[in-house]
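# Observations on the three-dimensional arrangement
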Amino acid sequence: MFALVDCNNFYVSCERVFNPKLEGKPVVVLSNNDGCCVARSNEVKALGVQMGAPWFQLKDLARQHGIIALSSNYCLYGDMSNRVMTILRDFSPNIEVYSIDESFLQIDGLIGVWKSYGEMGQAIRQKIRIWTGLPVCVGTGAGSKTLAKLANHLAKKRPEFDGVCDLTSLTEMQQAEYFASLDIGEVWGVGRQISARLRSMGIENVQQLRQACPKQIRLHFGVVMERTVNELQGMSCLELDEVAPANQQIIASRSFGAPVVTYDELRESVTSYMLRAAEKLRRQHSMCSAVHVFIHTNRFREQDAQYSNGVTVPLTEASSDSRRLVAAVLHGLKSIYRPGYLYKKAGVMLLDLTPAAVRQQLLFREENPRSDKLMQTMDLLNREYGRNTVSLGSAGIQQRWAARFESRTPRYTTHWDELPHARS
DNA sequence: TCTGGGGTCCTAGGACCC
DNA sequence: TCTGGGGTCCTAGGACCC
């Protein structure tokens, strides 16, 4: 059994916690450069403003209705998010933080603690409201994550649920009725393209999709949609991912407030993006063996000459060292930069990421071909306790690695006897 | 004048191997 | 004269998510 807890209008709600005067007023939070709306209060949604709408197109509407626009403050939102997730961990030990404003909870054994999943949902809502000031909705009593998402949607849209929709409290008939009222586009994993194709097949609401034959769907849409249909039928295909896996790629990019022309300006931006990206890389204890850099002109200005290009630069050796990564990325930038264009956006990507510990093990294996028994043991422990739990820890070996990596030896040196159950 | 910034997974097709 | 059958790995592109 799953529950999905999702904060309402998250960024706007965070702002309201610290500025109660915004309560009840139409508020939007804007993206970088105050470009697009990335969060809307209910009052703004009621005016028909879409997610991602360009702010400059809304100026008239904003004047008419007194819409208040705020620049985004991601530090604040991240902090508030942590508070919410901490509270949720009190309710279930098994939680997957799915995004900044929502989490899945596994709630199987908890029905002994609460009278119903609905009661549990209300308790969650109240506690988060009191402790953080944030409003949340809960979809609960769902046999799959996809159903939990839908239940949450109902909790948000249908006032009769009072913010908590417990699917187990509904009869099969009631469920069918509610699902029939929902557009397929509301289903997790069904976006614009797939909606259109499903519609052309006569499948327009969730109930119809739920009754579709998974094998048929697979034929038309592939294995991902097949899973979605199975999930809608209550067969759970998506597990709870409690430990967030390390990122497979890291991006840092920005649009410029004003167009950029010279190489020097681009170089400065790209350098700072790379420093940010490299920081993220080290925070997750990875190394990367290729970097990508890209630049674009403004695609919305059709009257301007357009140019966009990107290049991937392989590194001779995996690294997390800022200087090396910056050097590589500037090398790439030089090769794609063309003078005479008005650049609007630039960015870097770190690719081919490997956990530093795994990288060390590979090197060690190269240098010590007869150590397979040791490596097997380490693999076993890493499988048991999670990746990167153990690595090779003797001082001599560490020194050799340090020499190889020149700077910053990644710190994966847990000693075996510090592990829980080390003896067994 | 002004249009965000991150991520993931799957598939098809080509190169290459024996 | 006749030209198989089984793989892997990589990449680009498309779809989706928040």
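Look a little higher up for the structure.
Residues numbered from 1 in each chain as written. Chains lettered and ligands numbered in written order. Predicted model: local features only at pLDDT ≥ 70, side-chain atom pairs only at ≥ 80, totals over all residues. Heavy atoms only, no water.

## Brief notes about the protein's contact with DNA strand B
Near DNA strand B lie 25 residues; those nearest to it are Ser31, Asn32, Ile251, Ser253 and Lys344. Sugar and phosphate atoms constitute 72% of the interface atoms of DNA strand B, taking the interface as everything within 4 Å of the protein. In the model, a phosphate oxygen of DNA strand B is placed 2.7 Å from a nitrogen or oxygen of the Asn32 side chain. Between Arg227 and DNA strand B, the recorded distance is 3.2 Å, taken from a side-chain N or O atom to a phosphate oxygen. Secondary structure elements with two or more residues in the surface near DNA strand B: helix 11 (223–232), strand 9 (250–260), helix 12 (263–283) and strand 12 (343–355). The biggest single contributor to the surface near DNA strand B is strand 9, with 6 residues. Along the lines of polarity and charge, the residues of the surface near DNA strand B split into 10 nonpolar, 8 polar and 7 charged. (Near = heavy atom within 4 Å. Polar contact = N/O pair within 3.5 Å; in protein donor to acceptor, adjacent residues only side chain to side chain. Helix = DSSP H or I, 4+ residues; strand = E, 2+ residues; numbered from the N terminus. Nonpolar A, V, L, I, M, F, W, Y, C, P; charged D, E, K, R; others polar.)

## What about the protein's contact with DNA strand C?
Close contacts around DNA strand C come from 13 residues, with Glu102, Lys149, Gly189, Gly191 and Ile194 the closest. Each atom of DNA strand C within 4 Å of the protein was assigned to sugar, phosphate or base; sugar and phosphate come to 100%. A distance of 3.3 Å separates a sugar or linking oxygen of DNA strand C from a polar side-chain atom of Asp101. Take Arg192: an N or O atom from its main chain is 3.4 Å from a phosphate oxygen of DNA strand C. Elements with a contribution of two residues or more to the surface near DNA strand C: strand 5 (95–99) and helix 8 (192–200). Top contributing element to the surface near DNA strand C by residue count: helix 8, with 3 residues. Of the residues contributing to the surface near DNA strand C, the split by class is 5 nonpolar, 4 polar and 4 charged.

## Description of the sheet that holds strand 1 (residues 2–7)
Taken together, 5 strands build an open sheet; the order of strands is 5-6-1-7-8 and the sheet is mixed. A single partner strand is all that each edge strand has here, and the edge strands are strand 5 and strand 8 (164–166). Going from strand to strand, the sheet's axes swing by 15° on average, the running direction of each strand aside. Pairing between strand 1 and strand 7 (residues 136–142): 5 bridges, direction antiparallel. (Pairing = 2+ DSSP bridges. Axes fitted to C-alpha atoms, helices over the stretch in contact; angles between N-to-C directions.)

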